[in-house]
Amino acid sequence: MNPCLACSGLVTPFMSFGRMPIANGFLAREQFDSEPFYELAVGFCPACRMVQLLNLVPRENMFHEQYAFFSSTSVRMAEHFRRLAAEVRTRLAPKPDPFVVEIGSNDGILLQHFAQAGVRHLGVEPSANVAQVARERGVTTVSAFFDEDLARRIVAEHGQADVFLGANVMCHIPCLQSVIAGIDLLLKPDGQIMFEDPYLGDIIEKTSYDQIYDEHALYFSLSSISFLFGRYGFEVVDVTPLEVHGGSMRYTLARQGRQTVSDAVTAQRAHERGLGLEKLETYEQFRRHTEQSRGELVSLLRRLRGEGKRVVGYAATSKSTTVTNYCGITPDLVEFISDTTPVKQGKFSPGAHIPVRPHAEFAANYPDYALLFGWNHAQEILAKEQAFRDVGGKWIVYVPKVQVLE
Ligand code: SAH
Ligand code: TMP
Ligand code: ZN
């Protein structure tokens with residue numbers, strides 16, 4: 001049994017996805033022979049309730065100068081972060097000369113709004129290529145991993161912060177203790193923490209097992225976050241369920257006793273008890289649901305191949321790496337994956353080696369079926385691809401269940 005990443009307890013393993021490549025490790029044919037693999041497996045800590053990966057990929061293998069994920073590719077996410085920026089600015093309004101720090105600021109999708117409004121801000125983004133895009137947008141960005149040392153340097157240079165922000169990044173950091181100790185140094189006494197990540201409750205309810213991949217070291221619930229931050233004197237004062245990324249949760253925290261705790265927190269605690277997030281059986285059941293989902297998807301794809309249908313993947317998401325490798329989906333089942341990110345195009349998907357092609361190739365010769373790997377962007381994608389359906393094209397989704405959309 002592994003020691004827990006969040007407390008001193010021991011983690012009970014509940015599922016292995018087998019041999020996995022790096023989720024965002026899109027590669028050229030010449031790199032096939034040197035592709036790194038590890039075992040993707042998850043466990044549950046009964047002491048602090050944190051669900052977590054059992055084998056970690058070194059962070060420098062995932063976040064570097066060729067990081068393939070650019071936040072601003074999604075129009076919907078751009079709008080989501082525009083609204084978040086407006087909300088944070090309202091909260092900051094009474095403060096003179098506020099200072100905002102965001103970690104995992106990527107291409108500046110959120111901080112650009114603070115930069116444009118002349119609000120003091122700092123982005124912390126270790127992937128140098130995306131950090132450079134942010135700077136070109138006028139977002140002050142330091143290219144480093146956030147931890148206690150960096151927090152000390154930020155305070156020395158800029159002073160303490162009023163707000164600490166992070167979207168889809170806290171769950172990427174296995175050594176969260178160092179991050180929370182850093183936040184404790186960085187934040188003013190009345191400062192606030194706001195972060196959002198995919199929500200464990202949604203993963204369990206929707207069997208969205210593809211949220212599990214190397215970059216997501218931790219799978220948060222209100223319960224595990226309260227426990228972890230409580231040890232550093234912080235408490236959750238508000239929670240907001242979000243639809244983005246297939247179901248996320250935004251946690252707002254402050255130093256204990258500084259703010260009233262909202263009713264939403266009490267309601268969410270009850271909801272989590274209802275879901276059984278504190279029980280190992282819940283995760284064992286999740287494993288059975290995942291195995292069933294794999295069986296259904298593979299038989300559907302094999303049947304379509306038998307009928308001579310063309311199936312193309314839509315959106316080479318990091319999540320798709322878990323699905324293709326766990327289900328054994330190779331180019332004989334899915335001809336190529338259409339993706340709008342230039343650095344992925346012309347390469348092959350990690351492990352399964354399905355070619356990634358520009359969207360123009362999808363549009364120029366529609367397949368019979370499109371397997372929606374970007375299911376979390378379904379609304380946006382289905383709306384803009386109406387022409388595909390108009391000529392009889394069909395969508396395959398696998399969350400919350402395997403089905404062909406009619
Ligand atoms: N916030 C953006 C990006 C999420 S992707 C969004 O929601 O779209 C996660 C980002 O966190 C990556 O750009 C990665 O380089 C960065 N990251 C990973 N570990 C980090 C750490 N320890 N400190 C700061 N950023 C980190
Ligand atoms: P993610 O946000 O779920 O990780 O997915 C991001 C990937 O999906 C990225 O490579 C771009 C791709 N994508 C498309 O190809 N077309 C689209 O319409 C959308 C929304 C994303
Ligand atoms: Zn623990």
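Let us look at the structure shown here.

## A look at the sheet that holds strand E4 (residues 51-53)
- Taken together, five strands build an open sheet; the order of strands is E1-E2-E3-E4-E10 and the sheet is antiparallel. A strand with exactly one partner marks an edge of an open sheet, and here the two such strands are strand E1 (2-3) and strand E10 (218-219).
- For E4 and E10, the ladder comprises two bridges, and the chain directions are antiparallel. Counted as the bridge partner of Val51 is Tyr219 from E10.

## Quick notes on the environment of Val163
- Position of Val163 among the secondary structure elements: in strand E8 (residues 161-167).
- Taking the C-alpha atoms as reference, Val163 lies 9.5 Å from Arg91; in sequence the two are 72 residues apart.
- Here Val163 is in contact with Val88, Leu92, Phe99, Val100, Val101, Leu187 and Gln192, once residues within four sequence places are set aside.

## What to know about the pattern of salt bridges
- A complete count under the given rule lists 20 salt bridges for this structure.
- Arg59 is the partner of Glu60 in a salt bridge, and the nearest nitrogen-oxygen pair spans 3.4 Å.
- Note on Arg59: relative accessible area 33%, which makes it partly exposed.
- Of the charged contacts, one joins Arg357 and Glu361 as a salt bridge, the two residues approaching to 3.6 Å between their closest N and O atoms.
- Overlapping salt bridges, with partners in common, bring together Glu87, Arg91, Glu196 and Arg250 in one network.

## Some remarks on the coordination of the zinc ion (ligand 3)
- Coordination of the zinc ion (ligand 3) by the protein comes from Cys4 (SG), Cys7 (SG), Cys45 (SG) and Cys48 (SG), over a distance range of 2.3 to 2.4 Å.
- Around the zinc ion (ligand 3) sit four donor atoms; with metal-centred angles ranging over 102 to 114 degrees, the donor geometry is tetrahedral.
- Mapped onto the sequence, the residues coordinating the zinc ion (ligand 3) show the spacing C-x2-C-x37-C-x2-C. The pair formed by Cys45 and Cys48 is uniform in burial state, with each residue classed as buried.

## Comments concerning the packing of helix H7 (residues 222-230) against helix H8 (residues 263-275)
- Closest axis-to-axis distance for the H7/H8 pair is 9 Å, and the angle between their directions is 120 degrees. Compared by their axis directions, H7 and H8 come out oblique. Contact residues: H7 offers Leu222, Ser223 and Ser226, while H8 offers Val265, Gln268, Arg269 and Glu272.
- Residues belonging to the contact of H7 with H8 are distributed by class as follows: two nonpolar, three polar and two charged.

Cut-off values and rules
Sequence order as written defines the numbering, with residues in each chain counted from 1. Here the convention is simple: chains get letters from A, ligands get numbers from 1, in the order in which they are written. Residue-level local features of this predicted model are given only where pLDDT is at least 70; pairs of side-chain atoms are given and counted only at 80 or more, and the full residue set underlies all totals for whole chains, interfaces and linings. Here the side-chain values reflect all heavy atoms present in the structure, with hydrogen atoms and water set aside. Being paired, for any two strands, means DSSP has found at least two bridges between them. Each helix is a run of DSSP H or I of at least 4 residues and each strand a run of E of at least 2, with the numbering of both proceeding from the N terminus. Throughout, a residue-residue contact means that at least one pair of heavy atoms, one from each residue, lies within 4.5 Å. The term salt bridge refers to a side-chain nitrogen of Lys or Arg lying within 4 Å of a carboxyl oxygen of Asp or Glu. Each residue is assigned to one of three classes by its accessible area relative to the maximum for its type, calculated with a 1.4 Å probe on protein chains only: buried under 20%, partly exposed between the two thresholds, exposed over 50%. Counted as coordinating are nitrogen, oxygen and sulfur atoms within 2.8 Å of the metal, or 3.2 Å for Na, K and Ca, while water is not included, which may make sites look incomplete. Four donors are marked tetrahedral only if all angles between them lie between 85 and 135 degrees, whereas four are marked square planar and six octahedral if opposite donors are more than 155 degrees apart and the other angles lie between 65 and 115; the remainder are marked irregular. Axes, fitted as lines to C-alpha atoms, cover a helix only where it is in contact. Angles between the N-to-C directions of the axes lie from 0 to 180 degrees. The labels follow the angle: roughly parallel below 35 degrees, roughly antiparallel above 145, roughly perpendicular from 65 to 115, and oblique for the rest. Residues are grouped as follows: Ala, Val, Leu, Ile, Met, Phe, Trp, Tyr, Cys and Pro are nonpolar; Asp, Glu, Lys and Arg are charged; every other residue, Gly included, is polar.

Note that every value here comes from positions in space, so none of it alone points to a role or purpose.
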